[in-house]
Amino acid sequence: MNTPATKVYLGLSEARSLHAAIEDVTQGLGMVHLWGMLGWQDIKQRYRRSVLGPLWLTISTGIMVGTIGFLYSKIFGQPIRDYMPFLAIGFIVWNFLATTINEGCTVFFGAEAIIKQVKLPLTVHVCRVLWRNLLIFAHNAVIILLTVLIFEKGSLWPGALALAGLVLIAFNCLWIIMILGIFCARFRDIPPIIASVLQIAFFLTPILWDKAVLGIRGWFADINPFFHLIETIRAPLLGAAIPYASFGFLFLMGLLGTGLAIAAMSRFRARVPYWI
Amino acid sequence: MPHIKAERLIVEFPIYDTTHRSLKQAVLHATTGGRIARDAGNRVVVRAIDNISFEISKGDRVGLIGHNGAGKTTLLRVLSGIYEPVSGKLAVTGRTATLLDLNLGIDPDATGYENIVLRGIMAGLHPKEINERIPEIAQFTELGDYLDMPLRTYSAGMRLRLAFAVSTSIEADILLMDEWLSVGDATFSEKASKRLEGLVNRSPILMLASHSHVLVRKVCNRVFILKHGELTEISLSDMPGGPVADVSPAQLLPAAR
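Read on for an overview of the structure. Values in this document were obtained by computation on a predicted structure and should not be read as measured data. (Residues numbered from 1 in each chain as written. Chains lettered and ligands numbered in written order. Predicted model: local features only at pLDDT ≥ 70, side-chain atom pairs only at ≥ 80, totals over all residues. Heavy atoms only, no water.)

It is worth spelling out the packing of helix α4 (residues 127-141) of chain B against helix α5 (residues 156-167) of chain B at this point. Residues and elements named next belong to chain B. At a minimum axis separation of 9 Å, α4 and α5 run at an interaxial angle of 145°. Classified by chirality, the crossing of α5 by α4 is right-handed. Across from Ile 137, Phe 140 and Thr 141 in α4, the residues of α5 making contact are Arg 161, Leu 162, Phe 164, Ala 165 and Val 166. Tallied by class, the residues present in the contact of α4 with α5 amount to 6 nonpolar, 1 polar and 1 charged. (Axes fitted to C-alpha atoms, helices over the stretch in contact; angles between N-to-C directions. Helix = DSSP H or I, 4+ residues; strand = E, 2+ residues; numbered from the N terminus. Left-handed = near helix turned anticlockwise from the far one by under 90°. Contact = heavy atoms within 4.5 Å. Nonpolar A, V, L, I, M, F, W, Y, C, P; charged D, E, K, R; others polar.)

Let us look at empty space enclosed by the protein. In total, this model carries 2 cavities of 30 Å³ or more according to the counting rule given. If you add up the space inside the largest cavity, you get close to 140 Å³. Along its surface, the largest cavity is lined by 14 residues, and Lys 119, Leu 120, Leu 122 and Pro 273 of chain A together with Ile 82 of chain B are the ones closest to its centre. In the lining of the largest cavity, the residues fall into 8 nonpolar, 2 polar and 4 charged. By volume, the second largest cavity amounts to about 30 Å³. Residues belonging to the lining of the second largest cavity are distributed by class as follows: 3 nonpolar, 2 polar and 2 charged. (1 Å grid on protein atoms, 1.4 Å probe; cavity = no way out; pocket = protein on both sides within 12 Å on 5 of 7 lines; lining within 4 Å. Points joined across faces, edges and corners; volume = space filled by probe spheres on them.)

Counting residues at the interface gives 36 residues for chain A and 42 residues for chain B. Looking at the side of chain A facing chain B, the largest losses of area belong to Tyr 9, Gln 117 and Tyr 274 of chain A, adding up to 23% of the total buried there. Across the chain A-chain B interface, the total number found is 3 salt bridges. Here Glu 114 of chain B ties to Lys 44 of chain A by a salt bridge, and the two come within 2.8 Å at their closest N and O atoms. Those elements giving two or more residues to the side of chain A that touches chain B turn out to be β1 (6-10), α1 (12-15), α3 (32-47), α6 (112-115) and α14 (272-275) of chain A. Counting residues per element, the side of chain A that touches chain B draws most heavily on α3 of chain A, which supplies 7 residues. By residue class, the composition of the side of chain A that touches chain B is 19 nonpolar, 8 polar and 9 charged. The pairing of β1 of chain A with strand β5 (residues 87-93) of chain B spans 5 bridges and is classified as antiparallel. Counterpart to Tyr 9 of chain A in the pairing with β5 of chain B is Leu 90 of chain B. (Buried area = accessible area lost by both parts, 1.4 Å probe. Salt bridge = Lys/Arg side-chain N within 4 Å of Asp/Glu carboxyl O. Pairing = 2+ DSSP bridges.)

Residues and elements named next belong to chain A. The end-to-end C-alpha distance of helix α12 (residues 225-238) is 20 Å, a good match for the 20 Å that 14 residues give at a rise of 1.5 Å each. In α12, a bend of some 40° at Glu 231 exceeds every other bend along the element. By the criterion of burial, α12 is predominantly enclosed, with 12 of the 14 residues buried. Turning to α12, its buried residues number three or more, namely Phe 226, Phe 227, His 228, Leu 229, Ile 230, Glu 231, Thr 232, Ile 233, Arg 234, Ala 235, Pro 236 and Leu 237. The backbone nitrogen of Phe 226 lies 2.8 Å from a side-chain oxygen of the residue at the head of α12, namely Asn 224. (Expected span 1.5 Å × (residues − 1). Bend = angle between axes of the 7 residues up to and from the residue. Buried < 20%, exposed > 50% of the residue type's maximum accessible area, 1.4 Å probe, protein only. Polar contact = N/O pair within 3.5 Å; in protein donor to acceptor, adjacent residues only side chain to side chain.)

Remember that the coordinates give geometry; whether it matters functionally is a separate question.
So this is what it looks like as structure tokens:
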């Protein structure tokens, strides 16, 4: 057994410490076996007793992308070999982001049963949500690869840069889930607001349509974080110019957001179990 | 050296979804529950733990008694670090383990073995530690080949056996228990009781919340009474209920009858 360590809990006014918040984050990130298993279990639970199992994820996304891709390529009058891969990547990355953000709202009060029974870093629950959605994304990524290969888009380089994009996206998702989780635990009106905002954002973000149609109003996409989140994966895979600006945007947003998340954790971490 | 020191602990729950006045008045007269008051921001709060101080050292077996809502479970959660006190100071030395809810982390669609691992990981064990314990846990449950089946095929009693076996396979310096666990049919119940006693005896510090004065008398050497979140310590001989002859905890288990 480990040598007994002393844990000191001070009143909340003193417990709002940066130190405790950082400890929560580092310990939580380190508990890979715990959130890895919980996230994996979430997926298994959803597809137990089904013959195709998680393959359903891939199939249903494939049908969706195929149908919308065909329809909209006709509506927009674009060649299907350009439109289909463009849509597939944008749509699948968007789905990942939207689900992760929506589930980020419920990360803590959804884990009430665990939080009230065992002392664990809150970050564990954040990682679980992200990991679960990354696993689903991995299933859907098959579609992305298929369309890119079938329609002969992109190449190994700069295609591999999409992985760097994915890392940046995951980095940003962590702070988004954490902040949303904390505030949604306290204010239960936030989740529906977020859900509505996301619905609108889907149409305002270049997913179904290309940024190029904005012409000189391209700034409208440039100020949209979702555009950059998608572009870091889409542009490299389509063999377009490397979107340095998007990579920079995500990097800075990640740093800023992580700072905010740590600040929110310092202030409210100890309150979360009381709120749920 | 395992040790707990609490100084002037206060725990208050903010209540956000009541309209206050009438409820406040109604509940102030109630005999159960913590005190309901308002905090500085004029929110309704329930003071579940009210300014309590105590010290517990190695070898102490503390029985925590009090009526429903007196703050027993809340106090256990505070000691395990789940609720951090609103004010006051708490210093806990040693690895704590909580036995609050047998069903933590139990997934009805996963197999018995998967559930052992899930539950063990949540209780803070490393996958390696759990794998070492699986044979022992499996053998204790006497579930045999059923452990390869999904949990939803189990009877309620079988589920309890599994949950109990995993929950009690922990090692800790400080064991925090909410009610003495009771499981299964008569023979298993006796076996379970032995296992629980073993765990309790191995743990340098025990805090047991219970409604059974007889059990507390049997297992504990210190008694805390919680009332409206306030704590008083009484001596064992002052416990309400009169003297009780030799009773083994196994005999106290309601499920055994």
